[in-house]
Amino acid sequence: MNTVTLPKPPRVGLVSLGCPKNLVDSERIMTKLRSDGYEMSPDYAGADVVLVNTCGFLDSAKAESLEAIGEAIAENGRVVVTGCMGKEADAIRERFPDVLAITGAHQYEEVVAAVHDVAPPGVSPFLDLVPEAGLKLTPRHYSYLKISEGCNHRCAFCIIPHLRGDLVSRRPDAVLREAEKLIAAGTRELLVISQDTSAYGLDLKHAGWNWHGREVRAHMTDLARELGKLGAWVRLHYVYPYPHVDSVIPLMAEGLVLPYLDIPFQHASPKVLRAMKRPANDAKVLQRIRQWRGQVSDLAIRSSFVVGFPGETEEDFDYLLNWLEEAQLDRVGCFRFEPVEGAPAMSMADQVPDEVKAERFDRVMALSARISADKLAAKVGRTIDVLIDVVDEETGGATGRSKADAPEIDGEVHLRDAGELKPGDIVPVLVEDSDAHDLYGVAV
Ligand code: SF4
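Cut-offs used in this document
- Residues numbered from 1 in each chain as written.
- Predicted model: local features only at pLDDT ≥ 70, side-chain atom pairs only at ≥ 80, totals over all residues.
- Heavy atoms only, no water.
- Helix = DSSP H or I, 4+ residues; strand = E, 2+ residues; numbered from the N terminus.
- Rg over C-alpha atoms; globule rule 2.2 N^0.38 Å.
- Areas by Shrake-Rupley, 256 points an atom, 1.4 Å probe, with all protein chains shown as cover.
- Near = heavy atom within 4 Å.
- Nonpolar A, V, L, I, M, F, W, Y, C, P; charged D, E, K, R; others polar.
- Phe/Tyr/Trp six-rings, centres within 6.5 Å; stacked < 30°, edge-to-face > 60°.
- Buried < 20%, exposed > 50% of the residue type's maximum accessible area, 1.4 Å probe, protein only.
- Lys NZ or Arg CZ within 6 Å of the ring centre and 35° of its normal.
- Expected span 1.5 Å × (residues − 1).
- Pairing = 2+ DSSP bridges.
- Contact = heavy atoms within 4.5 Å.
- Axes fitted to C-alpha atoms, helices over the stretch in contact; angles between N-to-C directions.
- Salt bridge = Lys/Arg side-chain N within 4 Å of Asp/Glu carboxyl O.

S.K.: Quick question: what am I supposed to make of the overall build of the protein chain here?
M.R.: Within the protein chain, the regular secondary structure consists of 13 helices and 20 strands. In terms of overall size, the protein chain behaves like a compact globule, its C-alpha atoms giving a radius of gyration of 23 Å where 444 residues would be expected to give roughly 22 Å. With the principal axes as the frame, the protein chain shows a C-alpha extent of 70 × 55 × 50 Å. Roughly 19800 Å² of accessible area belongs to the protein chain as shown, and the carbon and sulfur atoms make up 52% of that amount.

S.K.: Where do I start with the site of the ligand in this structure?
M.R.: Around the ligand, a shell composed of C151, H153, C155, F157, C158, I160, P161, Q195, Y240 and R278 is seen. In terms of residue class, the shell around the ligand is built from 7 nonpolar, 2 polar and 1 charged.

S.K.: I tried to follow the packing of aromatic side chains on my own but got confused; where do I start?
M.R.: A ring pair, where both rings are aromatic, is described by two values, the distance of the centres and the angle of the planes. Considering all chains together, one arrives at 7 aromatic pairs under this definition. Between F309 and F337 the ring centres are 5.3 Å apart and the planes differ by 75 degrees, which places this aromatic pair in the edge-to-face class. Taken as a pair, F309 in the loop between β14 (300-307) and α12 (314-327) and F337 in the loop between β15 (331-336) and α13 (354-377) lie far apart in primary sequence, 28 residues in all. Neither residue differs from the other here; F309 and F337 are each classed as buried. Over the ring of F361 we find R336; its NZ or CZ atom is 4.1 Å from the centre of that ring.

S.K.: Would you mind showing me how to read the environment of D374 here?
M.R.: For D374, the location among the structural elements is in helix α13. Taking relative accessible area as the criterion, D374 reaches 48% and is therefore assigned partly exposed. For the pair D374 and S198, spaced 176 residues apart in sequence, the C-alpha separation works out to 30 Å.

S.K.: What is the right way to read helix α7 (residues 172-184) from this model?
M.R.: Structural remark: α-helix, 3.6 residues per turn; residues separated by three or four positions point the same way. For α7, built from 13 residues, the straight-helix expectation of 18 Å at 1.5 Å per residue is met to within 8% by its first-to-last C-alpha distance of 18 Å. All buried positions along α7 are accounted for by P172, D173, V175, L176, E178, A179 and L182. A positive phi of about 115 degrees marks G186, the residue just after α7.

S.K.: Just to check I follow, could you spell out unusual backbone geometry for this structure?
M.R.: Peptide bonds are mostly trans, and most non-glycine residues show a negative phi. In this structure, K205 takes a positive phi of about 55 degrees despite not being glycine. Owing to a relative accessible area of 72%, K205 belongs among the exposed residues under this scheme. With a phi close to 50 degrees, H212 is a non-glycine residue in the positive phi region. In this structure H212 comes out as exposed when scored by relative accessible area, which is 54%.

S.K.: How should the sheet that holds strand β1 (residues 11-16) be read in this particular structure?
M.R.: The strands making up a sheet associate through hydrogen bonds between their backbones, and the pairing can be parallel or antiparallel. Taking strand neighbours across the sheet as the criterion, the 5 strands line up as β2-β1-β3-β4-β5 in an open arrangement whose pairing is parallel. Pairing within the sheet leaves two strands with one partner each, and these edge strands are β2 (39-40) and β5 (101-102). Of the pairings in the sheet, the one linking strand β4 (residues 79-83) to β5 comprises 2 bridges and is parallel in character. When the sheet's bridge partners are listed, V80 is paired in β5 with A101. Where helix α2 (residues 59-75) meets the sheet, its contacts fall on β1, β3 (49-54) and β4, and the angle it forms with β3 comes to roughly 175 degrees.

S.K.: How should I be thinking about the sheet that holds strand β18 (residues 413-415) in this particular structure?
M.R.: Spatial strand order, β16-β17-β18-β20-β19: 5 strands in a closed barrel with mixed pairing. Pairwise comparison of adjacent strand axes, ignoring direction, gives a mean angle of 50 degrees for this sheet. Pairing geometry for strand β17 (residues 398-402) and β18, over 3 bridges, is antiparallel. The residue of β18 that forms the bridge with T399 is H414.

S.K.: Even after reading the chapter, I still don't get the pattern of salt bridges, so can you show me in this structure?
M.R.: For side chains bearing opposite charge, pairing can occur when the charged atoms are close. According to the stated counting rule, one finds 31 salt bridges in the structure shown. Taking the shortest distance from any N to any O, the salt bridge between E149 and K146 comes out at 2.8 Å. Judged by relative accessible area, which is 22%, E149 ranks as partly exposed. In this structure K146 comes out as buried when scored by relative accessible area, which is 19%. Where E226 meets R214, a salt bridge forms, and the shortest distance between an N and an O atom there is 2.6 Å.

Structure representation (structure tokens):
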């Protein structure tokens, strides 16, 4: 049996010099790197790369910055320089030819990309909430917002609680402050992530915090409402269907939160879900999906499923297919079960042969592609809002996403004529055509 051994995340050391504005830049860069799966190193020795955020305001500050670069080179050797001194890249290179990359002040994307280049993040589908492509390409106009770390569940195939511990939620005011900063820096879409978004605040006993003069509880509904008031698209990922998820649906009806739910169901058969030890294993979930769609007709539901979990019989698998037919999910991801070192499911009896897993995977993908194609075809002729991700200079077209599409994991909307559009614009688009995963149209 093949097992998967997980890579260690790379570690970044930081030397932050200069004024509070520079410190805020450092925080923003580190927040991004943390959400990309990096760990921080408190010393030079443990770092895979050292980031020196320089200040060049006065000659004395420049001298201090150069000294800090020299020290980092001597102590570690793998150094990326950013900040105000980036303007003097030639002078830095002349004195320290071994510096790996130099970027200027406020160039978040460039400095994060430089760190990715010299110490690739080593994304693991078993640990990371953010898709690999998202890590490499996250542009300024959308941002992942992590609201908690760790998890109180103990799913049989997962080692997150073992590696990251039990749920630790961030204070709601800290999350909202970060969201405000991201939006001020150009973010148009916040992608709320955690291991278990519905459990947010449980460890804080859902206590209230002061936010701009009013109390906001550490609770998914309160946080989602407040995030929605900031004016960006708010997309909720990793939502387990606990009963209180029902109270987020009205926020979608009000337009505060995108009509989108990413619910990692993983299976439908009660027997397999029990064996997986999945949370919120609710027999009435189909009924609730119908009820949610009754309240928000455009609600897009995305989910992921595991096929070939130990003990999954043909009957369990048929149950899953029938359930998928019934649930009519908008987007479906599917994984073949892989035993991860350290997860209880690794040593479970009745492992499913690889060829059976492959065949079940194909059947889930074929069914979900058909459902997706039908749902997208029903959008032809409608006008929908699209957030532009990329403008293609060569073809003159653009690619974006509707409210139903998260970056990298869902479909896209292809515009045949970009006109004056630029990444981050939100425009109404007339849908002219569709296929199994994408829409095609023109801005109106
Ligand atoms: S809910 Fe289950 S799969 Fe998700 S992080 Fe927690 S233990 Fe892992």
